[in-house]
Structure formats: structure tokens, C-alpha cells
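# Observations on chain architecture
Residue-level listing of the chains:
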Amino acid sequence: MRILTLIKNSLLQSKREAVLGFDLGSHTIKCAELTKNRDKIILNGFTRVKTFENTIINQIINDSHLLRSNLKNLILNFKPKSNSAILSIPYEITIYGNFTIRNPEAIREIEKQINDEIPYNIDDVYYSYFILPEKDGYVVHYLVSKKENIDILIDVFTSLDLTIENIDADFINLHNFFELLYGPENRLIIDWGYEKVKLHFSTKDTPVYTHELFNLGTKKIKSKLQKELKVTPDLVEKFFLNPPNDDNREKIRKIVKEYIIKLADEIRFGINIARSKYNLNPEKFYLIGGGARIPNINNILSKLTNVKIELVDIRKKLEISENIDPLYVDIINKQGIIAIASAVRKYL
């Protein structure tokens, strides 16, 4: 299990205590609460709230006051047992790379190389790295994010009496969580979100490459549906997942189908990049995010891409509290994965 931690609280609490995992999205904020009892990781609760408009723009916190209000309302309604938090920050505000060295103990040389590779001064970023031995030396994998982006999050959470244990990149947490679920494998995780789609490629050991698709998020589909059908956003959300049995049914299916075909083309293109540029041939393919809630979408994409795309089931490794409606687990399996992957970080 390879874990790269961007920020780590030196006063880590007991691994048996509950922890909150957060996924701060530009459309929704998700929070999962986990505990561990002996060797069993338990999902005690999960919640999501719509992100206030203009709170997060291009994955960067635009208004910390709105974010604080969002989180305060979430906590008041959720009533979690824990005040310990682990956050996943988006790929877009990180820099992830690697280089080769001969001496793994040359810390100053490693820090200088990181400083040379990033477009910022190393004093202006938080960074971490881990080292893997290879045939002709050692490969240093590093993760970097600007301090100003991270410090906003720390200030907001601290003001709400939440203790941040760790801050990691979303693709790092996903890599580690999927290794827990399915073991080491060359994989592609398709995160079909509201603003965009992200294709996260990993080897059996490390994340390698993320390919972003900017015009295929569910926001684009829903905006077109609203324009064509002239209905409210609430009805669009309903029609998106369950087209009505009326004259609009075929129109909705046609619009959604156009986007699915485009997405399938881009997935194939991303796979070809991973193969040619990174010599990575994914063996397993998974779909998460809001787009994963489209009925039968994994089978539709499987046929269009000629690879088997699977949905995720957290029950493979996690126990689910009896307080969680079994029907809600299906939503959590799709839209709660990053929040859960964040919280699971405590127990790895």
C-alpha cells in the first residue's frame, strides 16, 4: 500500500476512533463517517449537500465564508460523532510527478529537484514524496499544492472545531481505497462528475496519469435538457435518471445518448494515451460519480468502449450501519466514493 500524504497532523488520534471524510465538490459536498471495530471498517453515516453557488470555482475555494456556512449546516444536520477530518483535494490544484535519483537518503537533493520541477518556490507549497526502488536507481514520486489553497481549508475547518488529520489528493486516496477493495491492479477509475470527467490511471503500485474531459460533465447534459424541455432544474434532475413515459422520453434519451457516445470516444482516447505515453495497459475499469447513476450506464459504456466497466460496491470491504437505508447505499457507491476513500485513509 503506497500512501502519499500532503498534510499530516502530527497528533494523530487512535485508529479506533471515528473519522469524517470530505469531498468538497463545486456542485455538492459529501461527508462520510467511518469507524473501525477490530478488523472491520464500518460506514456509520453519509450525507451530501448542494454547494452554495460561487463557493468553489475551477476547484479553488472562491468564498471561504460560504464554504464555512455550507459545512456548518452539514455538520448541524449530520450530527457526526467525530470532529476529526480527512480531506481529498482535487487533482486540479495539485502537481504530481516523479524523477530518478541514485541516493534515496539525499534529502536536500530531492527537495532541490522538486523545487526545479514545479512552477513555484518550494517555500510557497506543501509537498510530500515517497521513494520506490527500481533497477537502475530510485524513483521519487512527489505531490505538491500551493499553501494558499490549503491554508484556506485549514482555517475554515479549524473555525468549525474540526481537526484535520490529513489532506491528500483525490486520486491518491482513490488509488489506495481501490487497492483495499480489489487489491493491486492496473486500473482506470472514471470519475464522471458535475463539471467534468476525470480518468485516473494507476499501476499496481502508484497513480500514473489523470486525463481531464472538460465538456462532458453532467452539468452540460442537464443544461441542454433544461433548454430543450423548458423545465425546472429539479425536473431535469429527475428526468436525467428516470425519463418520463411521454413525448419527452425519446428527446431525453437522444441527448443523453449523444453525450455517452462522446464520453466513450474520449475514454478510448485516454486509454490509448496511457498505453502509448506511459506504457500502462489498464486491466480493470471502474465508474464513479454522478454520471454513474444513469440506469445501466456501465453496461452501455462497456459496449461502446469494448472494455468491461464496473460499478463499485463498498460492501466488499466495509460494513454498513443499520441506520443507513439499503437503497441509499446505491447512491453512496457512486457519489460517495471520494469521501469514503478520504476517511478510509485513517485505517490504512
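A brief structural summary. These figures come from a predicted structure and were not determined experimentally. (Residues numbered from 1 in each chain as written. Predicted model: local features only at pLDDT ≥ 70, side-chain atom pairs only at ≥ 80, totals over all residues. Heavy atoms only, no water.)

## Looking at the overall build of the protein
Operational definition: Numbering of helices and strands starts at the N terminus; helices are DSSP runs of H or I of at least 4 residues and strands are runs of E of at least 2. Note that the radius of gyration is over C-alpha atoms, with the globule rule given as 2.2 Å times the number of residues to the power 0.38. Partly exposed describes any residue whose relative accessible area lies between the buried limit of under 20% and the exposed limit of over 50%, with all areas from a 1.4 Å probe on protein chains only and scaled to the type maximum. Should any heavy atoms of two residues lie within 4.5 Å, those residues are considered in contact.
Summing up its helical and strand segments, the protein has ten helices and 17 strands in all. Against the globule reference of 20 Å for 348 residues, the protein gives a C-alpha radius of gyration of 20 Å, in line with a compact fold. Each principal axis of the C-alpha distribution contributes one length, and for the protein these read about 70 × 50 × 40 Å. When burial is assessed residue by residue, the protein has 53% of its 348 residues classed as buried. For the protein, the share of sequence-separated contacts (at least 6 apart) that also reach a separation of at least 24 residues comes to 67%.

## Some thoughts on the nonpolar core
Put simply, the test is: To form a nonpolar core, buried Ala, Val, Leu, Ile, Met, Phe, Trp, Tyr and Cys residues must be joined to one another through side-chain atoms within 4.5 Å.
By size, the foremost hydrophobic cluster in this structure holds 37 residues, and its most contacted members are W192 and L301. Where this core is concerned, the elements lending two or more residues are β12 (187-192), β13 (197-202), β14 (207-213), α5 (218-229), α6 (233-241), α7 (249-278), β15 (284-288) and α8 (297-305). Considering each element in turn, this core owes the most residues, eleven residues, to α7. Listed in part, the 28 residues of the second largest apolar core include L181, I314, I340 and A341.

## Examining the pairing of strand β2 (residues 19-24)
Here is the rule: When DSSP finds two or more bridges between a pair of strands, those strands are recorded as paired.
Across the six residues of β2, six count as buried, placing the element largely inside the fold. Side chains of β2 alternate between two faces, with V19, G21 and D23 and L20, F22 and L24 buried alike. Pairing geometry for β2 and strand β3 (residues 28-37), over six bridges, is antiparallel. Bridge pairing in β3 places F22 opposite C31. The turn joining β2 and β3, which pair antiparallel and follow one another in sequence, is formed by three residues.

## Side note on the sheet that holds β12
To summarise the sheet geometry, strands pair through backbone hydrogen bonds and adopt either a parallel or an antiparallel arrangement. Operational definition: Here an angle of 0 to 180 degrees is reported between the N-to-C directions of two axes, which are lines fitted to C-alpha atoms, with helices fitted over the stretch in contact.
The sheet built from five strands is open, its strands ordered β14-β13-β12-β15-β16 with mixed pairing. Across the chains shown, the open sheet's two edge strands, defined by having one partner strand only, are β14 and β16 (309-311). Across the sheet, the axes of successive neighbouring strands diverge by a mean angle of 25°, strand direction being ignored. Bridge analysis of β15 against β16 gives three bridges, and the strand direction is parallel.

## Brief notes about the pattern of salt bridges
Spelled out, the test is: Throughout this description, the term salt bridge denotes a Lys or Arg side-chain nitrogen within 4 Å of a carboxyl oxygen of Asp or Glu.
A full pass over the atoms with the stated rule returns 19 salt bridges. Across the pair E92 and K198 runs a salt bridge, and its minimum N-O distance is 3.2 Å. A residue pair is termed long-range when its members are at least 10 positions apart, and E92 in the loop between β7 (84-89) and β8 (95-101) and K198 in strand β13 qualify at 106 residues. With a relative accessible area of 7%, K198 lands in the buried category. Overlapping salt bridges, with partners in common, bring together E92, D170, K196, K198 and E212 in one network.

## Considering the packing of helix α1 (residues 64-78) against helix α3 (residues 147-159)
Pairs of packed helices are described in terms of their axes, by the angle between the two and the distance that separates them. As a reminder, the rule being used: Orientation categories follow fixed angle ranges, with anything under 35 degrees roughly parallel, anything over 145 roughly antiparallel, 65 to 115 roughly perpendicular, and all other angles oblique. Crossings are classed by handedness, with left-handed meaning an anticlockwise turn of the near helix from the far one by less than a right angle and right-handed meaning a clockwise turn. Following the grouping adopted for this structure description, the nonpolar residues are Ala, Val, Leu, Ile, Met, Phe, Trp, Tyr, Cys and Pro, the charged ones are Asp, Glu, Lys and Arg, and the polar ones are all others, Gly among them.
At a minimum axis separation of 10 Å, α1 and α3 run at an interaxial angle of 40°. For the element pair α1 / α3, the angle class is oblique. Considering how the two elements wind past one another, α1 and α3 form a crossing that is right-handed. Seen from α1, the contacting residues are S64, L67, R68 and L71; seen from α3, they are I152, L153, V156, F157 and S159. Grouping the constituent residues of the contact of α1 with α3 by class yields six nonpolar, two polar and one charged.

## What to know about unusual backbone geometry
Here N54, not a glycine, exhibits a phi torsion of approximately 70°, which is positive. Positive phi outside glycine occurs at D161, with the angle close to 60°. Of note, D161 is situated in the loop between α3 and β11 (163-169).

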